Amino acid sequence: MDGLAYFRETAATYFSNISFNWKDIRVRGLRSSSIEFGRQCGPCAGGFHYRDSALLSSTCRNRVILWRYYDLKLELLEVSLDISLACNALRLDMADAGPLVPEVCIQELGQNHVVVMFATATTVHRLVLPHPEAVLKDPAMLSVGEGVQPSILAFAFQEGGMAEFSMVSIFPSTVLPIPVTSCGAWAPEAGPTTFALASPQGAIYVVQLPRSNAPPTRFELRETSIVKKIWSYVPTIRSTGFVEECPVSVSVHSFAGETVVMALCRDLKLRLWSCQQKECLMVHNLMEHISMATEEKLSDKEVNCLVLKKAPDGISTSLRFGIHLLTTSRTQILMLQLILVQNKLILNHLAEFSGPSNYSMVDFQPTNCEVWSVWTDSTGAADNLVLHAVYEGDHSCSWQRVPLLPDPSPDVLVPPYKELMEAYLDEIFKPGGFSGLVIFKALELMGGPLPKGTQSWEDLKRETILRVQEEVVRSATSNELRSDEYRNLQLTCWDKFYSHCLQYHKEITRPLGVFQDPSTGTVCLIKKARDCDCFSFAIAEDSIGSLIALWKDMAPLSERVQDEDLATDLSLFLECVRLLGQELDASTLDSFLEDLNQPAEAGVLAKELAEAVISEKIPSSDVFLLTLKDKLHHVSDLEAVLEYLGKALDVSCTETRGATSDEAPGPEMQLAVSQLLGGHSATLILTACLVETSHSRLLLCRDILLLLSFVVQEKMVQCTTLQEYVSSRKANVSTFADLVHNYHTLHWMLTRSVVQAPNSAFEFSLKQFASLEISGMPISHNRLAASSSSMLGELYLIAEGGMEVRASLLEQRLFPPNTSLHPSWLHTLPRMLSLALRQLWPSSSSVKLCEFMLSNCQYLHLQEYCTQMEHIHAEYPTSRKFLLGQCLVSTGELSKGLSCFVQASLCLTEPLLQSIIGETVEGEMRDDPLMLYYVKVMKLFEQVSAPDMVINVATEAAKLGDRDCPSTAVVWSTLFKYHLELGHFSAAYEAMVNNPDPSRRKDCVQRFVVVLTEQKAVKELCQFPYTGLEDEVERVMENRARSVDLTKHNYYDLLYCFYTSRGNYRKAASVMYEHGVRLGREVPKPTSLQKQANCLVIAMAALSLTDKRYAWIVRPAKLDEHGGKDQPGSSEKHTKRRREEKRTKQPVEVLTLPDLEKEYLLVKAKLNILQREPSMSTQLCSPYVSAGEVVSLLVQAGFFDMAIQASQGFKLPLTHVFEALTARCVYLSHSIATFRKGNSDATTWDWLGLNNTSDITYARETTLADQAWALLKKYLEIHDPLHNYQLQKCVARKLLLLGHPLVAQGDSDNALITALPQWLVDNYKRTNPAELLRLFITFDLLEPATAVAMEYIDAVLVDGRAAFFGVKDTLHATNPPVWLPHNTFDVLLQALQDAQSRLPTLCGAFESKLKDYFEEVAHVSDTVRMPSSRGLVRIESEHEAAMDYM
């Protein structure tokens, strides 16, 4: 070894309340009454290491199996310092098998199996487990861990044959069992497993278990003599055997393939037995190596205990082992070595160690060069003791005491600013204090069993408060107590509970055994505590640890400091420091540390404390100051001492030296080191070391600072000049004040409990870092480690911190590049501890710790950490200020966060802020870093939905930014966005028009229009001038109006207001007309019809206000068959071409005001119909209903006025309207007749009220039928002349078809019967009597036809009747020629002749009238002097004759 290493204990689970998931197995044994003869084995423990635990590439690296036995339970725990193992705890219940014989042997069988061997009073047990290398190669085995590498203990007692368990009786069934006192076992790679068991009767029983199913082999090892052979056949009398030769402790080892049993006998002789030869190979007297008086022989009665333990790193040709000898006068450990030389075993004496007086040894562990031992005070007055010694060759070193973890303070100091309960709870639940098991047991002692599920720290704290309060209530003697009595009662109960915790803590932290891995140097102390406190580790101290040991008066310093004078001065100075700490009471020193949390300046606090002590002027203070001054005068060079201490305690000044080779580590080395000590257990050890180191150094720096304050106040050191004194004072006090702040901050950070954050907080943290767009930002959350009892430093080292430390190991060449072995535990852990200290050192550390706290939602801790850093001159202050601002934003303190961001913007040159700003792309315009910074800050405020803060940041950025800067557009866009969200429309408009980026400005316009529309801020939207953006505003509103659903949003009204406010009435009319059209197409509902009507009315009103030259609008004349959408399956090229063709070739239709009026009339007609017939909504609301269909529906509903208007508007014939009205009149006439009989429905005439009959005058009282006929007459009078009197023909034809009842007209002598109303006949006579005559003939109405024909002839012949038939000139010689339908007369005459039998008189009368007519014609013709060829009567053409019969 390079030199003697100093060790100290550190807890493996210093903080976490870890509970192992134990796999409980009940081991069955042989029931026998002989079990009571076995010696009850007390608690014991040990361990096992793998042969390849020191290989960097091995799966077994830094991996051990620990075991302990107590309360009839054997517990096995596999621990790996590099990885986390699943199912690594196995508990065997030995209640049925009997008590365990001391020593559990664990051994490797190549790289295939690991064998666990142990024995009870009657049986031996062998558990064969798969080797870690075999587990790693088998996917089926790896799947057991569910994503985590399983422990080999996971396969014990598991179905599937992956592990094998054997149990064999020690004695055959024919022999009575005999108690055994010791056991040793050996399992060769090939051959049976050998168990050797020692009996107090002097025999060694050997049981060999083959690997196959063969029966076991049993035999005894005993010295051969006749007497002993005889006694061997009498087992019932054998209990009085030869006591001096009985084996007390046995062990088994293999030398060159031969299994040898080593037996330590009560006669102080070591006997070696060969299992193959079954005879004794060597008997060696140990008295030769015991340092006692040669004249006096040590008798067996004086020997109280003999224990033999072999070193775990023995080989087949050499074995070192230790023997513990306890006599009535002394205790001693002998180190011996067996060497195989030429097939002969030679025993050598190596070293001898005397044990401490008044101590009893609990356990010891020898190796090839070291001895570790655990001792306990037999009187119980002192604490446990762990000693370590090194021996090499003939040179032995004395015992070195290993400082154990200090017990909690027996007294609890209650400062005046704390409540009694608060002070006790802080002391009980502080990190590194009592474990959860201790508090659990103390609570059970106070009030019985706890509720199920009480395991977390919060549950335990709640139960503690509850049970102590219950104890206070039980202990109160009265219902009314004074305040001081109540406080004293509280103090008594809290002291009682605290004493329970202390007692149980001392009990369970007592070591049961010690184990060392000789390959790596790992030392474990195995304790009685369960779960989290069941083992601890011993780590090597550095030079600062030696200083602290000297300060605590525990170790010499000359071995660490080369300069003897400096070593002497250091010893004297540290003695003064210790003297000062003893003089000041604990409450004063604790209050000094408490004041640092405010925070306060350490130098100022030390000065105030020194002034307070000096000003007391009490005798003890004067004596102390004189003593202190006297001791300091013996320090020859105080400046050198302070310089040495300052550099040694300053972590930033220490250097970690690595290998001398400059060769870079290869990939295999990098992979191996990346997992070195990366397991959860190793991280906990490293964290505990950091806590203990920082705390002890903090106390040392505090006492040194206080001592310097006393020196300065009293001027205890003589200086040559005042200037030298002042400068020395400032330098020394400032140095150690900075160290106090650094160590206090470091210790504070390491001991903070992790605050549990909800999943939403982690998601928000991820969003925050994503918004910053920082590459390489640590965003990893170790949810497994973040339990309620985890510490912040532990969580950091599990994640980013541990990776950084291992990366530093590679960077600093701390591993030789061409070696397969890694440095031992003695070197690796101190190096990692040094690197972790440098990484976490507050004054020189980076901001990664702050980033880690922020990413893991430890917001309160980050704020306190930054507060602690205020008095430390650390690097990267602006980066921490930025992260603090981000933390404040996350906690809702937005104003404080903004202040931090503004302060951080003053210096953007630090790496973190540079990564936040980002790098500029080559070739692009270089952006302003400050603008980029503000953009990222705005994103952070956007994540927390703080628009007011975003506006503040953006306003400041807008003032500083250049319009040519790319980020300026982002700032203006953000400013516009949040002004708009808050309803600051004017400010949003200003931000929109000031945006220098046209594309962003267009986006802002679109958003501006949408938001103001949704908030119905039409007035505000229309009042802005939109200079240069008016076309874009129109485009946005039009696109928005055409794209949104009309049932939810209405942008057309907004467009109408926008256009009308600017006097553009034509566009206003266009958008309202478009609105109406879309309502008819897309919203086929009755309510949309009224909206369509309103839209058309508004459009007509707007268009009427337009100049007549421009009073028109445009709409597409033909809609696209796909509704404006692309055809499915068409390519992008064809789609683009088709869109271009639509824009260029699509026909348009120009609409004027009359066109709108027609459409309005149609919509109004639909509304009227719906009002009367709601059941027709589906038909009327359809966009495909035509004008003709609407007219038909109007006629059907009785709206004849509107039907005529619609027909005229859309140029439809009126014949259908008049025919329907005629039919209504006929039906009404019949209905009136029915009504008079009492059988009519009033709905038959209510349609009259739907038409305008107010301008019709009646000469007498009329009926409803008369009103209907009057309405028909009115329509004919108005519209028939416009249609060349064709409407009366359709009316007459309709009446004749319907068979209108005949009405008698004229006097009784010359009665004229007609089928048509008289007013219709009169109109017909006046307008077209020939057509009337043909109608009568067509419908075989010969009588009215004859009457009309005769009247027509009379009208031509007589002047007085010509006006009734519309004849302008009568038959006279002086008048123009007249026309008569002679062909029709011929047809009528022929019809009369055919019906002469039925109408005999009519035919004669008509022939007589024709005769008179022709006579008159002849007379007139004769009187006219003109050629006969010009006849006065014009004969009808053949065509006219044909028309008479129609």
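Residues numbered from 1 in each chain as written. Predicted model: local features only at pLDDT ≥ 70, side-chain atom pairs only at ≥ 80, totals over all residues. Heavy atoms only, no water.

**What about the packing of helix α42 (residues 1287-1298) against helix α43 (residues 1318-1327)?**
Phase 1: Contact pair α42 / α43: the axes reach a minimum separation of 11 Å and the direction vectors enclose 135 degrees. Classified by the angle between their axes, α42 and α43 sit oblique to one another. Once α42 is placed against α43, the crossing between them reads as left-handed. Here Q1288, K1289, V1291, A1292 and L1295 of α42 lie close against α43, whose contacting residues are L1320, N1323, Y1324 and T1327.
Phase 2: Grouping the constituent residues of the contact of α42 with α43 by class yields five nonpolar, three polar and one charged. (Axes fitted to C-alpha atoms, helices over the stretch in contact; angles between N-to-C directions. Helix = DSSP H or I, 4+ residues; strand = E, 2+ residues; numbered from the N terminus. Parallel < 35°, antiparallel > 145°, perpendicular 65-115°, else oblique. Left-handed = near helix turned anticlockwise from the far one by under 90°. Contact = heavy atoms within 4.5 Å. Nonpolar A, V, L, I, M, F, W, Y, C, P; charged D, E, K, R; others polar.)

**As for empty space enclosed by the protein**
Phase 1: Counted by the stated rule, this structure contains seven cavities of 30 Å³ or more.
Phase 2: Residue lining of the second largest cavity: W22, L66, W67, R68, E75, L76, L77, I526, C534 and F535, and that is the complete set.
Phase 3: For the lining of the second largest cavity, the secondary structure elements donating two or more residues are β4 (63-70) and β5 (73-80).
Phase 4: Classifying every residue of the lining of the second largest cavity gives eight nonpolar, no polar and two charged. (1 Å grid on protein atoms, 1.4 Å probe; cavity = no way out; pocket = protein on both sides within 12 Å on 5 of 7 lines; lining within 4 Å. Points joined across faces, edges and corners; volume = space filled by probe spheres on them.)

**Focus: a nonpolar patch on the surface**
Phase 1: On the surface, a cluster of nonpolar side chains totalling about 450 Å² of accessible area is made up of Y1110, W1112, V1114, V1148 and V1150.
Phase 2: Assignment of secondary structure puts Y1110 in the loop between α34 (1086-1104) and β31 (1113-1116).
Phase 3: For Y1110, a relative accessible area of 43% translates into the label partly exposed. (Patch = residues over 30% accessible without salt bridge, like charges linked within 9 Å, V, L, I, M, F, W, Y side chains within 5 Å. Areas by Shrake-Rupley, 256 points an atom, 1.4 Å probe, with all protein chains shown as cover. Salt bridge = Lys/Arg side-chain N within 4 Å of Asp/Glu carboxyl O. Buried < 20%, exposed > 50% of the residue type's maximum accessible area, 1.4 Å probe, protein only.)

**Quick notes on the side chain of K1166**
Phase 1: In this fold, K1166 is placed in helix α36 (residues 1153-1172).
Phase 2: As a buried residue without a salt bridge, K1166 has its nearest oppositely charged side chain in E1189, at a separation of 8.2 Å. (Lys, Arg positive; Asp, Glu negative; His and termini not counted.)

**A look at the nonpolar core**
Phase 1: Core analysis: the largest hydrophobic core is formed by 297 residues, its most contacted members being F882 and F1008.
Phase 2: The element that contributes the greatest number of residues to this core is helix α15 (residues 680-714), accounting for 18 residues.
Phase 3: Beyond its immediate stretch of four places on either side in the chain, F1008 contacts F976, L980, F985, A988, Y989, M992, L1021, F1024 and Y1026.
Phase 4: Counting 31 residues, the second-largest nonpolar core is a separate cluster that includes V27, I106, V114 and A163. (Core = buried A, V, L, I, M, F, W, Y, C linked by side-chain atoms within 4.5 Å.)

**A closer look at the environment of H289**
Phase 1: Relative to the elements of secondary structure, H289 occurs in the loop between β18 (279-285) and β19 (303-310).
Phase 2: A relative accessible area of 14% means that H289 is categorised as buried.
Phase 3: Once the C-alpha coordinates of H289 and N348 are considered, the two residues, 59 residues apart in sequence, prove to be 9.9 Å apart.
Phase 4: Residues within four places of H289 in sequence aside, it is in contact with H284, L334, L336, H349 and E352.

**A closer look at the sheet that holds strand β7 (residues 105-109)**
Phase 1: On the basis of which strands lie adjacent, the open sheet formed by four strands has the order β7-β8-β9-β10 and antiparallel pairing. A single partner strand is all that each edge strand has here, and the edge strands are β7 and β10 (164-169). Between one strand axis and the next, the sheet turns through 20 degrees on average, direction left out of account.
Phase 2: When strand β9 (residues 123-130) meets β10, the two strands line up antiparallel, connected through six bridges. When the sheet's bridge partners are listed, V124 is paired in β10 with V168. (Pairing = 2+ DSSP bridges.)

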